[in-house]
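# Examination of the molecular architecture
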Amino acid sequence: MVSKAMPATETAPTSLWKHRDFLKLWLGYTTSQFGGQITVVAMPLVAIIVLGASEAEVGTLGAVGRLPFLLFLFAGFWADRFRKRPTMIAADVGRAVLLLAVIGLYAADMLTLFWLGAISFLSVVLFVFFEVANMSHLPFLVGRELIGDGNAKLQLSNSVARVAGNSVGSLLVSAFVAVQVLIVDVVTLVVSAISCALIRKSEPVPEHDGDRPGVFSSIAEGLRWVLRDPLIRPSVIAAGFYMFFYTGIEVLLPIWVIKGLGLPGYWVGILLAIGGPGAILGSLLAVRSMKKIGIGPSFFWMTVVGNLSLFLIGLATGPTWLLVTMIGLAQFLLGVTGPIAMVSSATLRMGATPERLQGRVMASQRAVALSLAPVGALLMGLLAEGIGLRTTLLICAAGAVIPIIVLALSPIPRTKGMPDPQEH
């Protein structure tokens, strides 16, 4: 795909702090992430507290909400064929309307698990298209020389949003009905849409060449590269296993805290928020870690520490202070190690991928890795109802050891520098 280059009308900013268009994008992204984290706290509690969902029903809702991850393949193709900023604006507005529908159905006493699942599904579909468009739009907006700084700032916003969003979310949920809290995310989505609309840099319409491959041929080329590359393939396999088992823990954690451990609902938000400071620390240490021990070793050892910390959740027992300490420590360790592992993994992928395949390989990797998330959510929810929450959580933690083994047997722990693309 070749796009028409836009003529330079002004000197490009040398710092993102002086880049007005990026600051608008960053404002919208940050507010949207903040509101999204509040929804992460509120939505499961709507199902559990307001609608009385069981373990199996919570798992089913978690699976439905993750099925749209399969659309990353088509979202990557869409982002290469159409302008990205209108996609981002439409996705923000669409998600705001869907959340308003949840509030409206609740006010009319018509909200059911079916409607909650259907709206969650559509909302995540729009999120997938927004996410791919946003990641693809950043290089065009800031230029290659500032893309690293831009990614770092967006990652930091994501980490800070976890702290502020989960903390505020837990306080709001304790003071209001969980459904009413969703209005905060509606406001942040509107702010994000307006911020994107105010970006001045004109985005060209991608050219339509007659000899371009079709959608499935383009997708297949990206998938083939992912499955053949000796560095990308094991990272995708490891991510797939991780998402399968971690998603089980993720969807069961609210019901484990409330029903399994008998803690008040506001502890869900507080415990999730504990991972926020760790995520900020991890975001700040990611580049330093790669320089200190190498890109591959950084990816591997952060995976080891983060994945093993999951055992603390299923093993949590005793008085309230000990329960909170064990689960909180797991969340903090996941927060620290997650950004470092993700940045290291993305750096390996970008180095090992030719420029012409960057977008499709990124989307393919996300789709393959995340395709197991809805399966894990559904099966672990059913399993928890059959054998109990604690046993299921420990099975999920044991399953998270598999990615460690996959990475240990690959060249990744020995790859310290930036790899070069190898034709397959």
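Preceding block: the structure.
A brief look at the structure comes next. (Residues numbered from 1 in each chain as written. Predicted model: local features only at pLDDT ≥ 70, side-chain atom pairs only at ≥ 80, totals over all residues. Heavy atoms only, no water.)

### Comments concerning the overall build of the protein chain
Our working definition: What counts as a helix is a DSSP run of H or I of at least four residues, what counts as a strand is a run of E of at least two, and both are numbered from the N terminus. Accessibility here uses a 1.4 Å probe with only protein chains present; expressed as a share of the type maximum, an area under 20% marks a residue as buried, one over 50% as exposed, and anything in between as partly exposed. Whether two residues are in contact is decided by their heavy atoms, any of which lying within 4.5 Å being enough. Methods summary: accessible areas were calculated by the Shrake-Rupley approach with a probe of 1.4 Å, and residue burial reflects only the protein chains presented.
From N to C terminus, the protein chain includes 17 helices and 0 strands. With 424 residues in all, the protein chain has 53% of them scored as buried. Relative to all contacts within the protein chain whose residues are 6 or more apart in sequence, the contacts with residues 24 or more apart total 89%. Put simply, the protein chain shows about 18,400 Å² of open surface, and 69% of that area lies on carbon and sulfur atoms.

### Here we look at empty space enclosed by the protein
Selection rule: Space inside and on the surface of the protein is sampled on a 1 Å grid over the protein atoms alone, with a cavity defined as a set of points where a 1.4 Å probe fits but cannot get out and a pocket as an open set with protein on both sides within 12 Å along at least 5 of 7 lines; lining residues have an atom within 4 Å of a point. Grid points are joined across faces, edges and corners, and a volume is the space filled by probe spheres set on the points. In this classification, the charged set is Asp, Glu, Lys and Arg, the nonpolar set is Ala, Val, Leu, Ile, Met, Phe, Trp, Tyr, Cys and Pro, and all remaining amino acids, among them Gly, are polar.
In this structure the tally under the stated criterion is 2 cavities of 30 Å³ or more. When its volume is computed, the largest cavity comes out at roughly 50 Å³. Around the largest cavity, the lining residues are Leu73, Phe77, Ser218, Ile219, Arg360, Ala363 and Ser364. Those elements that provide at least two residues to the lining of the largest cavity are helix H3 (72-81), helix H8 (215-228) and helix H14 (358-370). Here the element with the most residues in the lining of the largest cavity is H14; it accounts for 3 residues. Taken together, the residues of the lining of the largest cavity break down into 4 nonpolar, 2 polar and 1 charged. The computed volume of the second largest cavity comes to approximately 40 Å³. Lining the second largest cavity are Leu231, Ile232, Ser235, Phe299, Ser345, Leu348, Arg349, Gln365 and Ile412.

### Some points on the nonpolar core
Note the cut-off: To form a nonpolar core, buried Ala, Val, Leu, Ile, Met, Phe, Trp, Tyr and Cys residues must be joined to one another through side-chain atoms within 4.5 Å.
Val102, Leu252, Trp256, Val257, Leu310, Ile313 and Ile327 are the most contacted members of the largest nonpolar core, which has 75 residues in total. Sorting elements by how many residues they give to this core places helix H9 (residues 232-260) first, with 13 residues. Discounting chain neighbours no more than four positions away, the residues touching Val102 are Met43, Leu111, Leu116, Ile119, Val179 and Leu182. Of all hydrophobic cores here, the second largest spans 16 residues; its members include Ala286, Ala341, Val406 and Ile412.

### Section: the pattern of salt bridges
Close approach of charged atoms lets side chains of opposite charge pair. Basically, it comes down to this: The salt bridge criterion pairs a side-chain nitrogen of Lys or Arg with a carboxyl oxygen of Asp or Glu, the two atoms within 4 Å.
Tallying each qualifying case throughout the model produces 2 salt bridges. Put simply, Lys24 and Asp21 hold a salt bridge, and the shortest N to O gap is 3.8 Å. Note that Lys24 and Asp21 are positioned in helix H1 (residues 20-50) at a spacing of 3 residues, about one turn of the helix. Classification of Lys24 by relative accessible area gives partly exposed; the value is 22%. A relative accessible area of 11% places Asp21 in the buried class. The salt bridge partner of Arg95 is Asp92, with a shortest N-O separation of 2.9 Å. Remark: Asp92 and Arg95 occur in helix H4 (residues 84-107); sequence separation between them is 3 residues, near one turn of the helix. Of the two residues, Arg95 and Asp92, neither departs from the other in class, the shared state being buried.

### With respect to a nonpolar patch on the surface
To keep it simple, the criterion reads: Exposure above 30% relative accessible area and no salt bridge define the residues that can form patches, which grow by joining like charges within 9 Å and nonpolar side chains of Val, Leu, Ile, Met, Phe, Trp and Tyr within 5 Å.
Nonpolar side chains collect at one region of the surface, where Leu27, Leu100, Ile183, Val187 and Val191 lie side by side and expose about 390 Å² of accessible area between them. Tallying contributions element by element places helix H7 (residues 178-197) first for the nonpolar patch, with 3 residues. Within the secondary structure, Leu27 sits in helix H1. For Leu27, a relative accessible area of 47% gives the class partly exposed.

### A closer look at the side chain of Thr392
Relative to the assigned elements, Thr392 resides in helix H16 (residues 389-399). On the accessibility criterion, Thr392 (0% relative accessible area) is buried. Residues in contact with Thr392, not counting those within four places in the same chain, are Leu252, Met380, Leu383, Ala384 and Ile387.

### Topic: the packing of H1 against H7
Where we set the bar: To get an axis, a line is fitted to the C-alpha atoms, and for a helix only the part in contact is used. The angle between two axes follows their N-to-C directions and goes from 0 to 180 degrees. Note that the term roughly parallel is reserved for angles under 35 degrees, roughly antiparallel for angles over 145, roughly perpendicular for angles of 65 to 115, and oblique for everything else. Note: crossing handedness is left-handed where the near helix turns anticlockwise from the far helix by less than a right angle, and right-handed where it turns clockwise.
Axis separation between H1 and H7 bottoms out at 8 Å; the angle between their running directions is 160°. With respect to each other, H1 and H7 are oriented roughly antiparallel. When you trace H1 past H7, the crossing you get is left-handed. For the contact of H1 with H7, a count of residues per class yields 18 nonpolar, 9 polar and 2 charged.

### Let's talk about the side chain of Ser192
Assignment of secondary structure puts Ser192 in helix H7. A relative accessible area of 0% means that Ser192 is categorised as buried. Leave out the neighbours within four places in its chain, and Ser192 touches Gly28, Tyr29, Thr31, Ser32, Asp92 and Phe130.

### Description of the packing of aromatic side chains
As a reminder of what qualifies: Note on aromatic contacts: the rings of Phe and Tyr and the six-membered ring of Trp form a pair at centre separations within 6.5 Å, being stacked when their planes are under 30 degrees apart, edge-to-face when over 60 apart, and tilted otherwise.
Per the stated rule, a full pass over the model turns up 6 aromatic pairs. Ring geometry for Tyr242 and Tyr246: centres 5.2 Å apart, planes at 5°, overall stacked. Taken as a pair, Tyr242 and Tyr246 lie in helix H9 at a separation of 4 residues, close to a single helical turn. Considered together, Tyr242 and Tyr246 belong to a single accessibility category, that of buried residues.

### Things to note about helix H10 (residues 266-293)
Put simply, the test is: Here the expected length of a helix is defined as 1.5 Å per residue gap, with one fewer gap than residues. We define the bend at any residue as the angle between the axes fitted to the seven residues before and including it, ending there, and the seven starting there.
The terminal C-alpha atoms of H10, which comprises 28 residues, lie 39 Å apart, in line with the 40 Å expected from a rise of 1.5 Å per residue. The sharpest bend along H10 comes to roughly 45°, located at Leu285.

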